[in-house]
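Notes for the structure review
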Amino acid sequence: MRLRLTPVLLGLGLVLTLLAASPALASTYRYWSFWDGTGGQWKYATQGPSSARPADGSVQGFHFVVSKDAAAQAPAPRTGPDFAAVCAGTPAVDGKKRIAVVIDFGTPADAPTGDTPPQDAPRTACAQLAPDATAAEALAEVAKPLRYNSAALLCSVSGYPKQGCGEPVAEAPADTATGKSVGGPSAGLLAGIAAVAALAAAALWQSRRRRTR
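For clarity, every value in this text was computed on a predicted model and none was experimentally measured.

Comments concerning the sheet that holds strand 3 (residues 58-68)
If you walk across this open sheet you meet the 5 strands as 2-1-3-4-5, and the pairing is mixed. What marks the edges here is a single partner per strand, and that holds for strand 2 (41-44) and strand 5 (123-129). Between one strand and the next, the sheet's axes are offset by a mean angle of 30°, whatever the strand orientation. Examined bridge by bridge, strand 1 (residues 28-38) and strand 3 share 10 bridges and lie antiparallel to one another. Note on strand 3: the bridge partner recorded for Gly37 is Val59. Across the sheet, helix 3 (residues 135-142) lies against strand 1, strand 3, strand 4 (97-104) and strand 5, angled at about 115° from strand 5, the strand it touches most.

Details of the confidence of the model for the chain
Looking at the chain, pLDDT values average 79 and 67% of them are 70 or higher. Note on residues 8-12: pLDDT is under 50 here. Beyond four places in sequence and across chains, it has 6 contacts. A low-confidence stretch, residues 172-197 stays under pLDDT 50, and its non-local contacts, those more than four residues away or across chains, total 45 contacts.

Some thoughts on the environment of Gly159
Residue placement: Gly159 occurs in the loop between strand 7 (154-157) and helix 4 (187-212). Assessed through its relative accessible area of 33%, Gly159 is described here as partly exposed. C-alpha separation for the pair Gly159 and Lys144, spaced 15 residues apart in sequence, amounts to 7.4 Å.

What about the pattern of salt bridges?
A complete count under the given rule lists 2 salt bridges for this structure. Here Glu167 and Arg30 are joined by a salt bridge, their closest N and O atoms 3.6 Å apart. Of the two residues, Glu167 is situated in the loop between strand 7 and helix 4 and Arg30 in strand 1; the sequence distance between them amounts to 137 residues. A salt bridge links Asp104 to Arg78; the shortest N-O distance between them is 2.7 Å. One end of the pair, Asp104, is in strand 4; the other, Arg78, is in the loop between strand 3 and helix 2 (83-86), and 26 residues separate them in sequence. Under the relative-accessibility criterion, Arg78 is labelled partly exposed at 42%.

Digging into the environment of Cys165
Relative to the helices and strands, Cys165 resides in the loop between strand 7 and helix 4. It is 9.0 Å that separates the C-alpha atoms of Cys165 and Arg147, two residues lying 18 residues apart in sequence. In this structure, Cys165 is in contact with Arg147, Asn149, Leu153, Leu154 and Cys155, ignoring residues within four places of it in sequence.

Reading the values: the criteria
Residues numbered from 1 in each chain as written. Predicted model: local features only at pLDDT ≥ 70, side-chain atom pairs only at ≥ 80, totals over all residues. Heavy atoms only, no water. Pairing = 2+ DSSP bridges. Helix = DSSP H or I, 4+ residues; strand = E, 2+ residues; numbered from the N terminus. Axes fitted to C-alpha atoms, helices over the stretch in contact; angles between N-to-C directions. Contact = heavy atoms within 4.5 Å. pLDDT = per-residue confidence, 0-100. Buried < 20%, exposed > 50% of the residue type's maximum accessible area, 1.4 Å probe, protein only. Salt bridge = Lys/Arg side-chain N within 4 Å of Asp/Glu carboxyl O.

Dropping the structure here:
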């Protein structure tokens, strides 16, 4: 009996393992994502705004999202990175650098309960700073007040949101860029779980059939 049930137990164990390894809903967060504008496209930043020191003519984007903290998951700012358009009215000054800043407050669906984005369309501004200034300093130049937590995580831009800082979201809304859910197991994972469950059921049926012989 013990040997005959082994395939069933293995199958059930695989199901539980897949469920445990699946992208949990808690891995989805409400947070300010940080982006570099390069070649007319947004790229998810590889370092935080407090350590990034963009060069003159750079574009830095900040987008409030509900997403996984990953380049393949988070939606980019809804306004393209266009330094010439943002900084056209800010003349160059010797000894200073100009950084175009795009701030996308996200959608009402992304907002914490009881809060609302301060504006619908993304905001743009041109910061003029010392040559060694960071992206965080560029943001502070054009979008105060800012709020950070004890781990230097950006929590609030221009006072939004009023509370919270990168908290996990139990149920993620659809991605505003693709319309697809940004939380929960993927379709491929669910298909894999279904296949393992089917194998477990077949093993159980076969073990019962052997006992009747």
